[in-house]
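Remarks on the overall topology
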Amino acid sequence: ATGSAAAVPVDERFDIAYITPVTIGTPPQTLQLDFDTGSSDLWVFSSHTPPSQIRGQEVYAPNKSSTAKLLDGQTWSITYGDGSASRGNVYTDNFAVGGLTVEGQAVECAQQVSSSFTSEEHMDGLLGLGFSTLNTVSPKGQLTFFDNAKSKLDSPVFTADLKYREAGTYDFGFIDKAKYTGEIVYVPVEMDPGYWTFTSSGYAVGSGNFNAAPISGIADTGTSLVYLPNSILTAYYRQVQGATNSANYGGYVFPCSATLPAFTFGIGEARFTIPPAYISYAPVTEGSATCFGGLQSSRGIGVNIWGDVALKAAFVVYNGENPPKIGWANK
Ligand SMILES: CCNC(=O)c1c(-c2ccccc2)csc1NC(=O)CNCCc1c[nH]c2ccccc12
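**Observations regarding the overall build of the protein**
Within the protein one finds five helices and 24 strands. Computed over its C-alpha atoms, the radius of gyration of the protein comes to 20 Å, within 12% of the 20 Å expected for a compact globule of 331 residues. Each principal axis of the C-alpha distribution contributes one length, and for the protein these read about 60 × 45 × 35 Å. Counting the 331 residues in the protein, one finds 54% classified as buried. Here the analysis covers contacts within the protein between residues at least 6 apart in sequence; of these, 65% occur between residues at least 24 apart. Total accessible area on the protein stands at roughly 13500 Å², and carbon and sulfur atoms take up 51% of it. On the protein, the mean spot of the 18 positive side-chain charges and the mean spot of the 29 negative ones are 3 Å from each other.

Set out below in C-alpha cells:
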C-alpha cells in the first residue's frame, strides 16, 4: 500500500507550519493536521476540547464515529520546547491519509490546549512521525501512524517534499523519482531519544568556503526554523548589514531590506543551499521593517533543529528500516 497527501502552508504569507488533510472514523471526519517528525503523538482538537479554546478549528467527535473505541484509563500530556502544550484522553479509530488506511489508530483527543494552538486556526492537531518511544500516552504508549502502517507499505519509508509558500507533498510507502534530481544521499539516524537525528557534514555562508564540521541535528517538519550552534550563526549574520541578536525579539533580526547570503549545509559529499528568501523569514510584527531570521541559535535548546526552512530546500526520505536512515536529494 501507499499514500500521498498535500502539505499546505497554514497561512499564505509565512510557512509557519504545513497542514495535511486526514480522515478519522465512520463516517469519515476530515481534519487538517501538522505532520511532525519532531514528535510522536497524534492529537486532535475534539468534542472534548473546551469551546473557549477552539477558534475555527475542525474537531473530531468520537461519539459520532461507529468505529471509535475509548482506550479506557489512558491519558496523554505533551509540552513542546516552545512552551506550547496539550493533554487529554485517547480513542482508537479508523484513520486515513491520502488513500492509506490504518484501523485502530490511537487518536489522542485534546481536553486542554495552550493558547498558541488555539491561535493556529487552520491546524486541527498534530500527527507525530517521530519514533514511537517518544509517545506520551500513559500508562500504555501508543504507536505512530507510520509505525502502524509500516508493515502494509510497499516500502517502509515516507518522504517530505515541503515547499516555499506553496503546497508540497508527504508520500508514504514509495519514493517518487519525479520529486527530486540527482542521487539521494543517505546518512545514519541516531534514534535516541526518539528523534530523527542525523549529522550534517558542515556548512558554508554565501559563496564562502565550506566549513567541514559534524553538526548533529533533528530533521524536524514540525519546527518552522533552523536552530544551529551560535558559532555558525555569528559567521552567517556577520555578513548581514544591521543584523543583531535581539533579546527583545528573542533571536537574530535584521532590516527586511538587507541583502542576505544563502546558507549551504552538507550531507556527506552532497550540498544543499537554502536561498536567502527562505532566511528572510517574516517581519517581527505585521508591517514592520525589521525581519526575523529563518536561521537562529540552538543555544539554550540543547539540540540543533533542521526545521522547515532547511527541509524545503530538499527532498527528504525518512527510512524506517532497522536501522533507520535519512536520505536527502536536491530538487
Ligand atoms: C518550536 C517547536 N519545536 C520544539 O519545541 C522542539 C525542540 C525544542 C526543545 C527546547 C527548546 C526549543 C525547541 C526540540 S525538538 C522540537 N520539535 C518539536 O517539538 C516538533 N513539534 C512542534 C509542535 C509545535 C509546537 N508549537 C507549535 C506551533 C505551531 C505548529 C506546531 C507546533
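**Looking at the packing of aromatic side chains**
In the structure shown here, the tally under the stated rule is 27 aromatic pairs. With a centroid separation of 4.4 Å and an interplanar angle of 10°, the aromatic rings of Y237 and Y252 are classed as stacked. Pair noted here: Y237 is in helix α3 (residues 230-237) and Y252 is in strand β16 (residues 251-255), with a separation of 15 residues, a long-range link. The two residues Y237 and Y252 agree in class, both being buried. Of note, R271 hangs over the ring of F210, and the distance from its end group to the ring centre comes to 3.6 Å. A cation over a ring is seen here: K312 above Y278, with NZ or CZ 5.5 Å from the ring centre.

**So, the pattern of salt bridges**
In this structure the tally under the stated criterion is six salt bridges. Taking the shortest distance from any N to any O, the salt bridge between E286 and R13 comes out at 3.1 Å. With E286 in the loop between β19 (280-283) and β20 (290-293) and R13 in the loop between β1 (3-9) and β2 (18-24), this residue pair connects regions lying 273 residues apart in the sequence. Exposure remark for E286: the relative accessible area of 69% places this residue in the exposed category. Owing to a relative accessible area of 38%, R13 belongs among the partly exposed residues under this scheme. Two residues, D15 and K312, come together in a salt bridge whose shortest N-O distance is 2.6 Å. Taken together, the positions of D15 in the loop between β1 and β2 and K312 in the loop between α5 (308-311) and β23 (315-319) put the pair 297 residues apart, joining distant regions of the chain. We classify K312 as buried; its relative accessible area is 3%. Three or more residues are tied together by salt bridges with common partners; here these are D171, D176 and K179.

**So, the sheet that holds β19**
Reading across the sheet, the four strands line up as β15-β16-β20-β19 and stay open at both edges, with antiparallel pairing between neighbours. On the outer flanks of this sheet lie β15 (244-246) and β19, each paired with one strand and no other. Taken pair by pair, the neighbouring strands of this sheet meet at an average axis angle of 45°, ignoring direction. The sheet strands contacting α3 are β16 and β20, and the helix crosses β16 at an angle near 5°.

**Some details on the pairing of strand β5 (residues 69-79)**
Taken together, the seven bridges between β5 and strand β6 (residues 85-97) define a ladder with antiparallel strand orientation. Bridged to S77 within β6 is R87. Between β5 and β6, which pair antiparallel one after the other, the connecting turn spans five residues, and G83 there sits at a positive phi close to 90°.

**Points about unusual backbone geometry**
Note the cis peptide between T26 and P27, where omega equals -10°. Locating P27 in the fold gives a position in the loop between β2 and β3 (29-36). Between S138 and the following residue, P139, the backbone shows a cis peptide bond with an omega angle of 5°. Mapped onto the elements of the fold, P139 is located in the loop between β8 (125-128) and α2 (145-149). Positive phi is not limited to glycine here, since R165 has a value of about 55°. Summarising the element assignment, R165 is placed in the loop between β9 (157-163) and β10 (166-172). According to the relative accessible area criterion, R165 is partly exposed, its value standing at 37%.

So, how was this worked out
Residues numbered from 1 in each chain as written. Predicted model: local features only at pLDDT ≥ 70, side-chain atom pairs only at ≥ 80, totals over all residues. Heavy atoms only, no water. Helix = DSSP H or I, 4+ residues; strand = E, 2+ residues; numbered from the N terminus. Rg over C-alpha atoms; globule rule 2.2 N^0.38 Å. Buried < 20%, exposed > 50% of the residue type's maximum accessible area, 1.4 Å probe, protein only. Contact = heavy atoms within 4.5 Å. Areas by Shrake-Rupley, 256 points an atom, 1.4 Å probe, with all protein chains shown as cover. Lys, Arg positive; Asp, Glu negative; His and termini not counted. Charge placed at Lys NZ, Arg CZ, Asp CG, Glu CD. Phe/Tyr/Trp six-rings, centres within 6.5 Å; stacked < 30°, edge-to-face > 60°. Lys NZ or Arg CZ within 6 Å of the ring centre and 35° of its normal. Salt bridge = Lys/Arg side-chain N within 4 Å of Asp/Glu carboxyl O. Pairing = 2+ DSSP bridges. Axes fitted to C-alpha atoms, helices over the stretch in contact; angles between N-to-C directions.

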